[in-house]
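# Observations on the model geometry
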Protein chains: 2
Amino acid sequence: LSRKPDAPGSSYRDSGVDIDAGQEAVRLMHSAVRSTWDAGVLGQYGAFAGLYAQSSREGAGDILAVTIDGVGTKVKVAVMCGRYDTVGQDLVNHCVNDLLVQRARPLLFADYFASGKIEPAVVAAAVGGMAEACRAAGCNLIAGETAEMPGVYAPGEIDIAGCMIGLAKGEELEGAEPVAPGDVLLGLESSGLHTNGYSLARRLLFEKSGYGVDTHLPELGCTVGEELLKIHRPYFPLLHAFIGDPRLHGLAHLTGGGFYDNIARILPEDCGARIEKGSWAVPPVFRLLQSIGDLPDGEAYRVFNMGIGMVLAVDPTHVHELAGLITRLGCPAHLIGEVTEGEPRVVVE
Amino acid sequence: LSRKPDAPGSSYRDSGVDIDAGQEAVRLMHSAVRSTWDAGVLGQYGAFAGLYAQSSREGAGDILAVTIDGVGTKVKVAVMCGRYDTVGQDLVNHCVNDLLVQRARPLLFADYFASGKIEPAVVAAAVGGMAEACRAAGCNLIAGETAEMPGVYAPGEIDIAGCMIGLAKGEELEGAEPVAPGDVLLGLESSGLHTNGYSLARRLLFEKSGYGVDTHLPELGCTVGEELLKIHRPYFPLLHAFIGDPRLHGLAHLTGGGFYDNIARILPEDCGARIEKGSWAVPPVFRLLQSIGDLPDGEAYRVFNMGIGMVLAVDPTHVHELAGLITRLGCPAHLIGEVTEGEPRVVVE
């Protein structure tokens, strides 16, 4: 495993870099990281790069899928709350969902943690959260970098990013029928804001409304901090059995760009999409944000997921069956719209 | 290809996130990124994850090697100089070297760029540099994330990180003879500081000595900025033919931790290493840094690479032949020490 603190030197500490803190962070992470490893991991913790034998996932496909993500300024909320494990889970789950919509299964994860000053307990909590989410997705946390960068980050701030590598099967990619007019759009519920719209949400809640992370809001049933740190839902555990399902014509992960940009990414040139407002109950946090910011729907459905984290384009003859199956698996699925003929444009009305 | 700005929304700009700048950055990067693609890249620019068919690299091995890196506070020097392409190359070359020492060949790269405010030209320059270095290494830049994170980064600062995925062959890994007492350590020259020791170097040059990036120093033959931005040397173009060579018992990339930590990473339990000072000419920049900081050797050889970027443990009967070959390929190789019996400890004397 490649896991090394960036910082060298002993009295190097004088320049703001603390090698002992880096090594302590690595030590704290060790068992969490190892807990994600399956029999395919070769080599040792501390090598220059992590090695993985693909033969241990025989039959998982030989197309590599790669995604890299951060969690945006949700890290600022983590810092405000002093809670770092959940953003680690967010990061992994975001990647898991990006692979899922390309019909790939998680295999390997590499993380990057950076801050102006390394606090071993903070790194260990964040990476511990990543490891927990990796285990849930059957993904090996195989490489990492902890960077102490005095002066680059604002005091007290951190950033995390991660790259996930998955495997997809050529026959499943080729066998998938294209998204076509008449397909029904099935919306799977999100757990909250996931990892998008945090710069706006923070401005509305903390600056405009003057709330703190500890402010309890009756309409949310929890504190502002608890609401904002709700963990990005991973849809892989729910949908992995449907990856090669011919009834599933397309999948879109609602991240930055909301309904408009993300559903458009799976539309063929000659198809549009129509989303019907009111076909699901928009959760209180989104109604609150819209109300504080006086946001028109066109803005809200672009910045936020509005309660829907994943959209599936489904063969209309099977949609009720699939919606029922997924709902029974634990995630309510709603018929939220349809694929239309016309320009590849998404209309929310 | 997965390449999406993090920022959604139109009037979202009010909260410090500029979606148009993000999209402009993506547009500027497009051709540079595509220029790295070989026939194995599937799917389209803008997908949720990049897809790559391994069948297009038949025979390259089925062991995946993964490394993730940043360039430390070298990014601060890039910001001071207003030059962003070279740190992009540094990032890729750092990863290339980390894979090389695990006997893996570069295949895919994913980048993360973050800043408090997205300047499209800056992102495009940095990613353009990454693409240039990827092309040189035969590596596909297949995924990326550009994150605008107001408040997380200090004003004007940026950070970059990247994950590289390579392929290694089981027979080459297993066929490699172990590092053993009597092996000669061959040191390959670095191009400068590479990506390590920048927090200390910046403190000594800018704070303690009061130099600016434009200060021309006769002993360096260039400005301080030019010296500090010299590009991390990639050793893959030089050494790729030797990856499976049985004369090569081990490779160490001198990154954070310098001679001590990195050479120790390739020593078996019962082997030490002795590095002989004076067996190569320490370049002026390191002598300058040592002199300004009054750094003892024990500190200098831990923080900096002192002119050696890669160390090879070589079968003693073939060392002169190999050193000659590598030197003729364009990188001077010096006999800098040997593997000894004893504790796995590195001595520089």
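Residues numbered from 1 in each chain as written. Chains lettered and ligands numbered in written order. Predicted model: local features only at pLDDT ≥ 70, side-chain atom pairs only at ≥ 80, totals over all residues. Heavy atoms only, no water.

For the rest of this paragraph, the subject is the overall build of chain A. For chain A, the helix and strand inventory stands at 12 helices and 15 strands. Computed over the C-alpha atoms, the radius of gyration of chain A is 21 Å, within 12% of the 20 Å expected from 2.2 N^0.38 for a compact globule of 349 residues. For chain A, the spread of C-alpha atoms along the three principal axes comes to 65 × 55 × 35 Å. Out of the 349 residues belonging to chain A, those deemed buried represent 64%. Summing over all exposed atoms, chain A offers an accessible surface of approximately 11500 Å²; the carbon and sulfur share of this is 50%. A gap of 4 Å separates the mean positions of the 27 positive and 44 negative side-chain charges of chain A. (Helix = DSSP H or I, 4+ residues; strand = E, 2+ residues; numbered from the N terminus. Rg over C-alpha atoms; globule rule 2.2 N^0.38 Å. Buried < 20%, exposed > 50% of the residue type's maximum accessible area, 1.4 Å probe, protein only. Areas by Shrake-Rupley, 256 points an atom, 1.4 Å probe, with all protein chains shown as cover. Lys, Arg positive; Asp, Glu negative; His and termini not counted. Charge placed at Lys NZ, Arg CZ, Asp CG, Glu CD.)

Here we come to the nonpolar core. Membership of the largest hydrophobic core comes to 264 residues, with the highest contact counts inside it found for A:L239, A:F259, B:L239 and B:F259. Discounting chain neighbours no more than four positions away, the residues touching B:L239 are B:L100, B:L188, B:L251, B:M310, B:L312 and B:I326. (Core = buried A, V, L, I, M, F, W, Y, C linked by side-chain atoms within 4.5 Å. Contact = heavy atoms within 4.5 Å.)

Here we take up the relation of the copies chain A and chain B. Take chain A, turn it by 180 degrees, move it 0.0 Å along the axis, and it overlays chain B with an RMSD of 0.0 Å. Taken together, these values place the two copies in the relation of a two-fold axis. When the interface residues of chain A are mapped onto chain B, 100% of them again lie at the interface, so the same face is used by both copies. (Least-squares fit on C-alpha atoms with pLDDT ≥ 70 in both.)

Contact residues are listed per partner, giving 84 residues for chain A and 84 residues for chain B. Roughly 6200 Å² of surface becomes buried between chain A and chain B when both sides are summed, with 60% attributable to carbon and sulfur atoms. On the surface where chain A and chain B come into contact, there are zero salt bridges. Among the elements that make up the side of chain A that touches chain B, the one with the highest residue count is strand β4 (residues 63-70) of chain A (eight residues). Partitioned by chemical class, the residues of the side of chain A that touches chain B number 43 nonpolar, 24 polar and 17 charged. As judged from the four bridges shared by strand β3 (residues 50-53) of chain A and strand β4 (residues 63-70) of chain B, these two strands associate in the antiparallel manner. Considered in β4(B), the bridge of A:Y52 is made with B:L64. (Buried area = accessible area lost by both parts, 1.4 Å probe. Salt bridge = Lys/Arg side-chain N within 4 Å of Asp/Glu carboxyl O. Nonpolar A, V, L, I, M, F, W, Y, C, P; charged D, E, K, R; others polar. Pairing = 2+ DSSP bridges.)

All names here are of chain A. Read from one edge to the other, the open sheet built from six strands follows the order β11-β13-β8-β14-β12-β15, with strand pairing classed as mixed. Among the strands making up the open sheet, the edge pair consists of β11 (248-253) and β15 (346-348). Geometrically, the sheet is characterised by an average inter-axis angle of 25 degrees between neighbouring strands, direction not taken into account. When strand β12 (residues 271-275) meets β15, the two strands line up parallel, connected through three bridges. Directly across from I275, in β15, lies its bridge partner V348. (Axes fitted to C-alpha atoms, helices over the stretch in contact; angles between N-to-C directions.)

All right, on to the packing of aromatic side chains then. Counting across every chain of the model gives nine aromatic pairs over all chains. On the numbers, 5.6 Å between centres and 20 degrees between planes, the contact of B:F259 with B:W280 is stacked. Residue B:F259 is located in helix α9 (residues 258-264), and its partner B:W280 is located in the loop between β12 (271-275) and α10 (284-293); the two are separated by 21 residues in the primary sequence. Assessed through its relative accessible area of 6%, B:W280 is described here as buried. Of the aromatic side chains, those joined through ring pairs into one cluster are A:F259, A:W280 and A:Y301. Across from the ring centre of B:F48, 3.9 Å away, lies the NZ or CZ of A:R265, which sits over that ring. (Phe/Tyr/Trp six-rings, centres within 6.5 Å; stacked < 30°, edge-to-face > 60°. Lys NZ or Arg CZ within 6 Å of the ring centre and 35° of its normal.)

Take the sheet that holds strand β15 (residues 346-348) of chain B next. Residues and elements named next belong to chain B. Pairing is mixed across the open sheet formed by six strands, whose spatial order is β11-β13-β8-β14-β12-β15. Whereas interior strands pair on both sides, the edge strands pair on one side only; in this sheet they are β11 (248-253) and β15. On average, each strand axis in the sheet is tilted by 25 degrees relative to the strand beside it, whichever way the strands run. In the sheet, strand β8 (residues 184-189) pairs with strand β14 (residues 333-341) via five bridges, with the strands oriented antiparallel. Counterpart to L188 in the pairing with β14 is A333. Packing against the sheet, helix α3 (residues 85-100) makes contact with β11 and β13 (308-314), and its axis sits at approximately 150 degrees to β11.

Here strand β6 (residues 140-148) of chain B lies mainly inside the structure; nine of its nine residues are buried. You can see the chain leave strand β5 (residues 105-115) of chain B, run along helix α4 (residues 120-137) of chain B and come back into β6(B), and the turn it takes is right-handed. (Right-handed = clockwise from strand over helix to strand, strands pointing away.)

All names here are of chain A. Under the 1.5 Å per step criterion, the end-to-end length of helix α4 (residues 120-137) is 26 Å for 18 residues, consistent within 8% with the ideal 26 Å. When we look at burial in α4, the residues that qualify are P120, V122, V123, A124, A126, V127, G129, M130, A131, A133, C134 and A137. Note on α4: the residue one or two positions beyond its end, G138, has a positive phi of about 65 degrees. (Expected span 1.5 Å × (residues − 1).)

What follows deals with the state of the cysteines. Residue and element names in this part refer to chain B. One pass over the full model with this rule turns up zero disulfides over all chains. As a non-bridged cysteine, C222 has C81 as the owner of its nearest cysteine sulfur, 11 Å distant. Of the residues examined, C222 reaches a relative accessible area of 9% and is grouped as buried. (Disulfide = S-S within 2.5 Å.)

Let us look at the confidence of the model for chain A. Residues and elements named next belong to chain A. The predicted model of chain A has a mean per-residue pLDDT of 93, with 95% of residues at 70 or higher. Predicted confidence for residues 4-11 stays below pLDDT 50, and this span has 37 contacts to residues more than four positions away or in other chains. Scoring the predicted complex yields pTM 0.95 and, for the interface, ipTM 0.94. (pLDDT = per-residue confidence, 0-100.)

In this section: helix α12 (residues 319-328) of chain A. All names here are of chain A. All buried positions along α12 are accounted for by V319, L322, A323, G324 and I326. The elements touched by buried residues of α12 are β8 (184-189), α8 (236-239), β13 (308-314) and β14 (333-341). Of the residues trailing α12, G330 is marked for its positive phi of about 120 degrees.

Attention now moves to the pattern of salt bridges. The tally for this structure, following the rule as stated, stands at 24 salt bridges over all chains. B:D297 is paired through a salt bridge with B:K277; the nearest N and O atoms lie 2.6 Å apart. Of the two residues, B:D297 sits in helix α11 (residues 297-303) while B:K277 sits in the loop between β12 and α10, which places them 20 residues apart along the sequence. A relative accessible area of 27% places B:D297 in the partly exposed class. One network of salt bridges, with partners in common, ties together A:D245, A:R247 and A:E321.

To continue, consider the packing of helix α2 (residues 74-81) of chain A against helix α6 (residues 198-208) of chain A. All names here are of chain A. For the pair α2 and α6, the least separation of the axes is 8 Å and the interaxial angle reads 45 degrees. Between α2 and α6, the angle is such that the two are oblique. Across from K74, K76, V77 and M80 in α2, the residues of α6 making contact are Y198, R202 and F206. Here the residues of the contact of α2 with α6 are counted per class, giving four nonpolar, no polar and three charged. (Parallel < 35°, antiparallel > 145°, perpendicular 65-115°, else oblique.)

Among the structural elements, B:A110 can be located in strand β5. For the pair B:A110 and B:A143, spaced 33 residues apart in sequence, the C-alpha to C-alpha distance is 4.5 Å.

Bringing unusual backbone geometry into the picture now. If you check the backbone angles, A:R103 has positive phi at about 60 degrees while not being a glycine. Following the sequence through the fold, A:R103 ends up in the loop between α3 (85-100) and β5 (105-115). The phi dihedral of B:D294 falls on the positive side, at around 50 degrees, and the residue is not glycine. In this structure, B:D294 sits in the loop between α10 and α11.

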